[in-house]
Amino acid sequence: MLRFGVWMAAALLLLGWVSPTFDWDEDARWELQSEGVRYRLDQALSELGVAESADEMVILPSGLLVRHRERRAVNLTVLKGNWSVLRSDKLVGSVGESLESWRSQVGEPRKMYMNPQKVGVNYYYRASLLDLGLMVADGKVLSVMFVEPGYLEQALQRSGYQPKS
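Summarised in this report is the structure supplied together with it. All of these numbers come straight from a predicted model, not from anything done at the bench.

Concerning the overall build of the protein
When its secondary structure is counted, the protein shows four helices and twelve strands. For the protein, the proportion of contacts with a sequence separation of at least 24, taken over those separated by at least 6, is 48%. Counting only carbon and sulfur atoms, one obtains 52% of the accessible surface of the protein, whose full area is about 9800 Å².

Points about the pairing of strand β11 (residues 140–147)
Counting buried residues in β11 gives six out of eight residues, a clear majority hidden from the surface. Note: strand β5 (residues 72–78) against β11, three bridges, orientation antiparallel. Looking at the pairing, Leu76 lines up with Phe146 of β11. Joining the antiparallel neighbours strand β10 (residues 131–137) and β11 is a turn of two residues, in which Asp138 adopts a positive phi near 50 degrees.

Quick word on the sheet that holds strand β1 (residues 30–34)
Spatial strand order, β2-β1-β6-β7: four strands in an open sheet with antiparallel pairing. Each of the sheet's edge strands pairs with one partner strand only, and the pair in question is β2 (37–39) and β7 (90–94). For this sheet, the mean angle separating the axes of adjacent strands, direction not counted, is 30 degrees. As defined by bridge partners, β1 adjoins β2 across three bridges and the pair is classed as antiparallel. Paired with Leu32 across the strands is Tyr39, a residue of β2.

Digging into the sheet that holds β11
As summarised here, the arrangement of the eight strands in space is β3-β4-β5-β11-β10-β9-β8-β12, forming an open sheet in which the pairing is antiparallel. Two strands in the sheet have a free side with no partner beyond their single neighbour: β3 (57–59) and β12 (162–163). With six bridges joining them, strand β9 (residues 121–126) and β10 adopt antiparallel strand pairing. By the bridge assignment, Tyr125 is partnered in β10 with Leu132.

A short note on the side chain of His68
Assignment of secondary structure puts His68 in strand β4 (residues 64–69). On the basis of relative accessible area, His68 is assigned to the buried category, the value being 11%. A distance of 2.5 Å separates a polar atom in the side chain of His68 from the backbone oxygen of Asp55. For His68, the residues in contact, after removing those within four places along its chain, are Leu45, Ala54, Asp55, Glu56, Val58, Ala73 and Val74.

Section: the pattern of salt bridges
For the coordinates displayed, the defined rule picks out eleven salt bridges. The closest approach of N and O atoms between Glu31 and Arg38, which form a salt bridge, is 3.1 Å. A salt bridge links Glu108 to Arg103, with the shortest nitrogen-to-oxygen separation between them at 2.5 Å. Accessibility expressed as a relative area gives 53% for Glu108, which makes it exposed. Within the structure, one salt-bridge network assembled from shared partners comprises Arg29, Glu31, Arg38 and Asp89.

A closer look at the side chain of Glu153
Turning to its location among the elements, Glu153 is positioned in helix α4 (residues 152–158). Residue Glu153 is classed as buried on the basis of its relative accessible area of 18%. Polar contacts involving the side chain of Glu153 include one to the side chain of Lys111, which spans 2.8 Å.

Here we look at the packing of aromatic side chains
If you walk through the whole model with that rule in mind, you get five aromatic pairs. Look at Tyr39 and Trp83: their rings are 5.5 Å apart centre to centre, the planes differ by 55 degrees, and that puts the pair in the tilted class. You can see Tyr39 sitting in strand β2 and its partner Trp83 sitting in the loop between β5 and β6 (84–87), a full 44 residues away along the chain. Given a relative accessible area of 10%, Tyr39 falls into the buried group. Where Tyr113 meets Tyr124, the ring centres are 6.5 Å apart and the plane angle is 80 degrees; that geometry is what we call edge-to-face. One end of the pair, Tyr113, is in strand β8 (residues 111–114); the other, Tyr124, is in strand β9, with eleven residues separating them in the sequence. Given the relative accessible area of 0%, Tyr113 is considered buried. Given a relative accessible area of 1%, Tyr124 falls into the buried group. Aromatic rings pair up to connect Trp24, Trp30, Tyr125 and Phe146 into one cluster. Sitting above the plane of the Tyr151 ring, Arg69 keeps its charged end 5.9 Å from the centroid.

What counts and what doesn't
Residues numbered from 1 in each chain as written. Predicted model: local features only at pLDDT ≥ 70, side-chain atom pairs only at ≥ 80, totals over all residues. Heavy atoms only, no water. Helix = DSSP H or I, 4+ residues; strand = E, 2+ residues; numbered from the N terminus. Contact = heavy atoms within 4.5 Å. Areas by Shrake-Rupley, 256 points an atom, 1.4 Å probe, with all protein chains shown as cover. Buried < 20%, exposed > 50% of the residue type's maximum accessible area, 1.4 Å probe, protein only. Pairing = 2+ DSSP bridges. Axes fitted to C-alpha atoms, helices over the stretch in contact; angles between N-to-C directions. Polar contact = N/O pair within 3.5 Å; in protein donor to acceptor, adjacent residues only side chain to side chain. Salt bridge = Lys/Arg side-chain N within 4 Å of Asp/Glu carboxyl O. Phe/Tyr/Trp six-rings, centres within 6.5 Å; stacked < 30°, edge-to-face > 60°. Lys NZ or Arg CZ within 6 Å of the ring centre and 35° of its normal.

Dropping the structure here:
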């Protein structure tokens, strides 16, 4: 009987009859965390430990790429290291985990993008306070991107990514 219940729950998730564990339109605090330090969009450069005179794009020793405008972070992209994504202090997923474990939290992407010159697929999600990108290859999330709402899709297209059919 227990097996049947587990099987039914899995089937409902796969068929999309069960919604993800949160509402994408709800305002929530999204953070990237590595070694106990948390980073979020719109953080001041001084809070990130970046000099005010820094170039528009800076790579922190932790492996986080930070793009900023007007001394505030507008794009955070994981390049390397051990990172987790938190939403209102709850763990959503970690870099290196399977795509399926992420999907059980975030559901289906709004769109998927591919670049024929690059390995992997970018899963594009849109939350109320940020665009979320998951770079996936071989069934694992290899990188996470936090971008100002409305900008990730355009940035992907400018970088040669096309919607996956």
